[in-house]
Structures are given as C-alpha cells and as structure tokens.
Amino acid sequence: MTDNTMTGLCEIKVPDVGNVPAIDVFEVLIKVGDIIALEQTVATLETDKATMELPSSAAGTVQQVFIKAGDKVSEGTLIATVLAEAVGQGTEKAAEPAAPSAPPVAETAPVPKASEAEAAPLVQPAPKAVVSAPLMPTTSGAKAHASPSVRLFARELGVDISKVAAGSGRKGRILKDDVKNFVKKVMAEGMPGAATGAGIPTIPVVDFSVFGDTEVLKLSKIKRLTGQNLTRVWLNLPMVTYHEEADVTDMEAFRNALNAEKGKDEVKITGLMFIIKALVAAMQQFPSFNASLSGDGESLILKKYFNVGIAVDTPNGLVVPVLRDVNSKSINQLAVELAEKSAKARQGKLMPADMQGGCITISSLGGIGGTAFTPIVNAPEVAILGVTRAKMQPVWNGKEFVPRLMLPLDLTYDHRVIDGAEGARFMAVIKQNLSDIRRLLL
Ligand code: CAO
C-alpha cells in the first residue's frame, strides 16, 4: 500500500467484482458538483445475488458522472471523475491535463468480491459490498428489498425494515425516503397527542374588519379552560348520543303538590331533582356507567360512590359543581344543595373541591327550552345526560290520544365503554323511573 493522498483529477472505476460480466447499476448516489468523502458510497450495483455499494476511492468534488441507474457495468467501467485527493484501487489519475503535478494513484484495500462479501454480517459498515435480501439469511428485515446503506439507515433509526411496505424504487426496492416516510407515518399515528396536533388543519384567520365594525372581547378563564377540555374530549372519545322521551306527567303533578306545601322561603323542587335520582338508580343497575377507563385503556375502574355533576350556566361560562353521595340524599336535600352550589357558581365562589369527584354529569337546558341536543361527555366520566324542555304532547294510549307531559332526554356515552344496546337499556330504565317515580323507592 502506498501513500493514499493526492490531488488532481481522478477517475473512479468499478473495481474487481469477481468475474461478473455485466452488473446492473441500481442507484447513482452522486452528481456533478457534490463534494464527496473517501469511501462514500457513489453507486449501488446489483446482480441477481448481490447488491454492492461502490465506495469512492477519492475525496473531493465530482466533475463528471458517467453512469446512470439501469446501465450495465463491469470491472474497470468509469463511474466518475473527481477533482481531489484520491486514493484506492479503481482510482486512476485522469489522462487530462487538469492536474499535471498529481502523484500516481495509490492503492488501498481492495473492495471484496461479492462472493466474499456474502459472508459479511450486515452490521459491518465496511467492506461495503454485501449481499442484500432476499437471499441473505440475516437479522430483522432480511426479506426486505433494500440496499445495505438503506438497511443501515433504518437500523440507525431503530426501524425494522421488514415493516416498511413495498419500496418506491425499481422492482419495489426500499429507498431511504421510504424509511423516512415510514417513520413519519408511525410518529403521526402513534403519538398520544397526535390527534390534537398532527394533521388537523387549522381554521383560517380572517380579518373581519374588512366586512364591518368589530370588537375584540377576551374569553374568560373558565371559557378558555372549558374550551381546551371540550376539544380534548371531542378528539379522544368516540361518542354516541341517544335520544329518548319520558312521560313525566305524574311526576310533575307530584312535584307541584310538594312545592305547594312549601313555605315562601323554602327551596322549590324542580324536575331536575327527580332526574338526578332516576339517573343514579339506573347507574346502580348498570355499573359501567359509574366507571372510568384506566389510563392505559385496558381496564374499567368501577366506582362504588354516586356523585353527580350538574352543569351550571354562569356569566363567566359553564361550571360543573358535584353533588356527592346522591344515593343517600333526599329530593329536598338535593334541591337545597343544588340551589346553594349553583348560587356559589354564579358568584364565582366555587372551590376546586366543589367540582371534583363526579361520576356522571347532567346538563339541563330545560329551563330555557330545546327539543334535543348532543352534550359532550365530561371525561374521564363515560356518560352525560342532557335534558331539554318538557312539553305537553298527544300520546296514543291504545284507544285514544291523551295529553301527556313528555320530557326529552339525550344520553351521550363513550362508545369504547358503553355499547349501543347497553346505552338504550340504561335510558329505558331512566325513562321508567321518571314515568313512575315509585320505582325510585325500590
Ligand atoms: N322542562 C320544563 N321546564 C323546566 C325544565 C324542563 N326540562 N327544567 C327546568 N324547568 C323549569 C323549572 O321548573 C323552573 O320553572 P319555575 O320557575 O316555574 O319553577 C324553570 O324552568 C327554571 O329552572 P332552573 O333552570 O332554574 O332550575 P333547574 O333545577 O331545572 O336547573 C341548573 C338548575 C343549575 C341546572 C340551571 O339553572 C342551569 O344552569 N342550566 C344550564 C345548564 C347549561 O348551561 N347546560 C349546557 C351545558 S353545555 O353542554
């Protein structure tokens, strides 16, 4: 071996490749103007049995490239000229006068013949000529159709190349870009927060002042936090809303009778108190509604307490105080407690503890109106009951239409936890409980 360093115009040629007459050029990895390093792969050659990475025998600037993908080459074929310090077998000082003072080309270690290289483990960076899959029985990815440099690239990224789908190269060969795209896809699909960040187009920002006068109003802290929470839930939960109507004619008559007995200063009972009771009675029959998914999504955490959150409309936005141990409280107690908590909520005096520990939520718009809506689950709870305004309707009793007070109910549930039929059965029990409130005694 002689001194490897020299300057001038050098030729990179195909070295001794072991009596193979015509080898396909699979990929040319350099172009004119590239600055390349000694031993850098300049081209990938391919025979039926082997893929060889052709290392540069010179370091410097590529002047000319003489081959392209699809060409046939053999020992001695000129690959490229490089203006540089040159080394190695297969590199010869060019005949042109570009570098008149360049010393003779030095020898380097020979590139192994393909037959020798077949024994080389893929993890070795050199020698570079190795047999590629599908013939080489080796580590993960052996069946993938990819050059050693692409395999090395995949290994460096921790990618099992056999998982990369058919490549975009010739004959389905996996290229570096295929590995990169695979990584991008896995990142986008696998990231826990991907749904919020990745791939969701943003709403365009519009200058509305172009169309008329505007005023900018800052959102309250409650509105901003609620907005974040609702977006998180919307993006994470597959939700279904199921609608039903309950005949609350008798319940309403009872409620009116109770309220008539109350003194002027006593808290009146609204239909919501019966709805809370009817809901908890149904949860006692259907434990999966009084549950939350574990963090890993593998199990259901069943709760043995019955706390109900009530969405309260306040000037600053929506808050959800929690009524605790509803199963052991009377209708009157619940009415008093909700009156206190909703007053506190509207005055902005609720403490964090007042809003924690809920098992399920009720969102009642009945005091305002509506026929139906689709409330969003207050995750990690698994369901929410929406209520809109009860109204008198003609109901067929088998013989005639009779006027009945019908209450619309909307149950949204996390479909990962609750099946459709289970949701319908749960709602049927709530409906029964409200239509005949004697059932709440059972
Ligand atoms: N059908 C017919 N009338 C109804 C009714 C219904 N479903 N629900 C309430 N009403 C009546 C009440 O009986 C009451 O009538 P009276 O004044 O004649 O007694 C009146 O409407 C007002 O009731 P209310 O709303 O003050 O009391 P409530 O117990 O029904 O509700 C509360 C309390 C705190 C839930 C409610 O005040 C509230 O804030 N609701 C808004 C919740 C909200 O914003 N949800 C949306 C969240 S987004 O998912």
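Since we're looking at a predicted model, the values are computed, not measured.

J.: Can you help me understand the overall build of the protein chain in this one?
T.: A count of helical and extended segments in the protein chain gives nine helices and 21 strands. Counting the 442 residues in the protein chain, one finds 41% classified as buried. Summarising the internal contacts of the protein chain: among those between residues at least 6 apart in sequence, 60% fall at separations of at least 24. Accessible area of the protein chain: about 24,200 Å², with a carbon and sulfur share of 57%.

J.: What's the story with the pattern of salt bridges in this structure? I'm lost.
T.: When charged atoms on two side chains of opposite charge get close, those side chains can pair. What the rule picks out here adds up to 15 salt bridges. Residue Asp24 is joined to Lys72 by a salt bridge in which the shortest nitrogen-to-oxygen separation is 2.5 Å. Taken together, the residues Asp24 in strand 2 (residues 23-28) and Lys72 in strand 7 (residues 72-73) connect sequence positions 48 residues apart. Between Asp414 and Arg416 there is a salt bridge, with the nearest N and O atoms lying 2.8 Å from each other.

J.: How do you make sense of the packing of aromatic side chains when you look at a structure like this?
T.: The description of an aromatic ring pair uses the distance of the two centres, along with the angle that the planes make with each other. For the coordinates displayed, the defined rule picks out five aromatic pairs. Consider the rings of Phe286 and Phe426, whose centres lie 5.7 Å apart with planes at 90°: the pair is edge-to-face. Here Phe286, found in the loop between helix 7 (271-285) and strand 12 (291-293), pairs with Phe426, found in helix 9 (residues 420-435); they are 140 residues apart in sequence, far enough to count as distant. Grouping residues by exposure puts Phe286 and Phe426 together as buried. Note on Trp396 and Phe401: the rings are 4.9 Å apart at their centroids and 65° apart in plane angle, and the pair reads as edge-to-face. Taken together, the ring pairs in this structure connect Phe286, Phe289 and Phe426 into an aromatic cluster. The residue whose ring lies beneath Arg173 is Phe26, and the NZ or CZ to ring-centre distance is 4.2 Å. Directly above the aromatic system of Phe153 lies the positively charged group of Lys176, at a separation of 5.1 Å from the ring centroid.

J.: Is there a simple way to explain the site of the ligand in this structure?
T.: Around the ligand, a shell composed of 19 residues is seen, among which Thr270, Arg346, Ser363, Thr388 and Ala390 lie nearest. Ser364 has a polar backbone atom sitting 3.0 Å from a nitrogen atom of the ligand. Protein burial of the ligand: of its 970 Å² of free accessible surface, 65% is covered by the chains. Counting only elements with at least two residues in the shell around the ligand, the list comes to strand 15 (312-314) and strand 18 (360-364). Broken down by class, the residue content of the shell around the ligand amounts to nine nonpolar, six polar and four charged.

J.: Just checking my understanding: could you explain the nonpolar core for this structure?
T.: Where a protein is soluble and globular, its nonpolar side chains tend to be buried together. With 49 residues, the main nonpolar core has Ile276, Ile362, Ile430 and Leu434 as its most contacted residues. Among the secondary structure elements, those contributing two or more residues to this core are helix 7, strand 14 (308-310), helix 8 (331-346), strand 18, strand 19 (383-387), strand 21 (401-414) and helix 9. Top contributing element to this core by residue count: helix 7, with ten residues. Discounting residues that sit within four places of it in the chain, Ile276 has contacts with Val308, Ile310, Leu323, Val326, Leu334 and Ile362.

J.: Teacher, can you tell me more about the packing of helix 7 against helix 8 here?
T.: When two helices pack together, their arrangement is captured by the angle between the axes and the distance separating the axes. Where helix 7 meets helix 8, the closest approach of the two axes is 9 Å, and the angle between their N-to-C directions is 115°. As helix 7 packs across helix 8, the resulting crossing turns out to be right-handed. Across the interface between the two elements, Leu272, Met273, Phe274, Ile276 and Lys277 of helix 7 pack against Ile331, Leu334, Ala335 and Leu338 of helix 8. Its residues assigned to classes, the contact of helix 7 with helix 8 shows eight nonpolar, no polar and one charged.

J.: For this particular structure, what's the right way to read the confidence of the model for the protein chain?
T.: Detailed conclusions should not be drawn from predicted coordinates in areas where pLDDT is low. With 81% of its residues at a pLDDT of 70 or more, the protein chain shows a mean pLDDT of 83. Confidence drops under a pLDDT of 50 for residues 86-142, and excluding neighbours within four residues, the segment shows 138 contacts in the predicted structure.

J.: Is there a simple way to think about the pairing of strand 18 in this case?
T.: Every other side chain in a regular strand lies on the same face of the sheet, so the side chains alternate between the two faces. For strand 18, the buried fraction is high: four of the five residues fall into the buried class. Where strand 14 and strand 18 come together, three bridges link them in parallel fashion. Considered in strand 18, the bridge of Ile310 is made with Ile362.

J.: How should helix 2 (residues 148-156) be read in this particular structure?
T.: Since the α-helix turns once every 3.6 residues, residues separated by three or four places project in the same direction. Pro148, Val150, Arg151, Phe153 and Ala154 are the residues of helix 2 that are buried. The first or second residue beyond helix 2 is Gly158, which carries a positive phi of 75°.

J.: When you look at the side chain of Arg151 in this model, what are you seeing that I'm missing?
T.: Looking at where Arg151 falls in the secondary structure, it is placed in helix 2. Buried and unpaired, Arg151 has no salt bridge, with Asp160 as the nearest side chain of opposite charge at 8.2 Å. Polar contacts involving the side chain of Arg151 include one to the main-chain carbonyl oxygen of Ala146, which spans 3.1 Å.

J.: Just to check I follow, could you spell out a nonpolar patch on the surface for this structure?
T.: A cluster of nonpolar side chains, contributed by Val206, Phe208, Val210 and Phe211, occupies part of the molecular surface with about 460 Å² of accessible area. Residue class for Phe208 comes out exposed when judged on its relative accessible area of 54%.

J.: What should I look at first to understand helix 8 in this one?
T.: Helix length check: helix 8, at 16 residues, gives a terminal C-alpha distance of 22 Å against a target of 22 Å (1.5 Å per residue), a fit within 8%. Among all positions of helix 8, only Ile331, Leu334, Ala335, Glu337, Leu338, Lys341, Ser342 and Ala345 are buried. Structurally, helix 8 contributes buried residues whose contacts are with helix 7, strand 14, strand 15, strand 16 (317-319) and strand 17 (322-323). Immediately beyond the C-terminal end of helix 8, within one or two residues, lies Gly348, with a positive phi of roughly 70°.

J.: Teacher, can you tell me more about the packing of helix 7 against helix 9 here?
T.: Between helix 7 and helix 9, the shortest axis-to-axis distance is 9 Å and the interhelical angle comes to 135°. Considering their axes alone, helix 7 and helix 9 lie oblique with respect to each other. For the pair helix 7 and helix 9, the crossing hand works out as right-handed. Only Phe426, Val429, Ile430, Asn433 and Leu434 of helix 9 make contact with helix 7, whose side of the interface consists of Phe274, Ile275, Ala278, Leu279, Ala281, Ala282, Met283 and Gln285. The residue makeup of the contact of helix 7 with helix 9, split by class, is eleven nonpolar, two polar and no charged.

Calculation rules
- Residues numbered from 1 in each chain as written.
- Predicted model: local features only at pLDDT ≥ 70, side-chain atom pairs only at ≥ 80, totals over all residues.
- Heavy atoms only, no water.
- Helix = DSSP H or I, 4+ residues; strand = E, 2+ residues; numbered from the N terminus.
- Buried < 20%, exposed > 50% of the residue type's maximum accessible area, 1.4 Å probe, protein only.
- Contact = heavy atoms within 4.5 Å.
- Areas by Shrake-Rupley, 256 points an atom, 1.4 Å probe, with all protein chains shown as cover.
- Salt bridge = Lys/Arg side-chain N within 4 Å of Asp/Glu carboxyl O.
- Phe/Tyr/Trp six-rings, centres within 6.5 Å; stacked < 30°, edge-to-face > 60°.
- Lys NZ or Arg CZ within 6 Å of the ring centre and 35° of its normal.
- Near = heavy atom within 4 Å.
- Polar contact = N/O pair within 3.5 Å; in protein donor to acceptor, adjacent residues only side chain to side chain.
- Nonpolar A, V, L, I, M, F, W, Y, C, P; charged D, E, K, R; others polar.
- Core = buried A, V, L, I, M, F, W, Y, C linked by side-chain atoms within 4.5 Å.
- Axes fitted to C-alpha atoms, helices over the stretch in contact; angles between N-to-C directions.
- Left-handed = near helix turned anticlockwise from the far one by under 90°.
- pLDDT = per-residue confidence, 0-100.
- Pairing = 2+ DSSP bridges.
- Lys, Arg positive; Asp, Glu negative; His and termini not counted.
- Patch = residues over 30% accessible without salt bridge, like charges linked within 9 Å, V, L, I, M, F, W, Y side chains within 5 Å.
- Expected span 1.5 Å × (residues − 1).
- Parallel < 35°, antiparallel > 145°, perpendicular 65-115°, else oblique.

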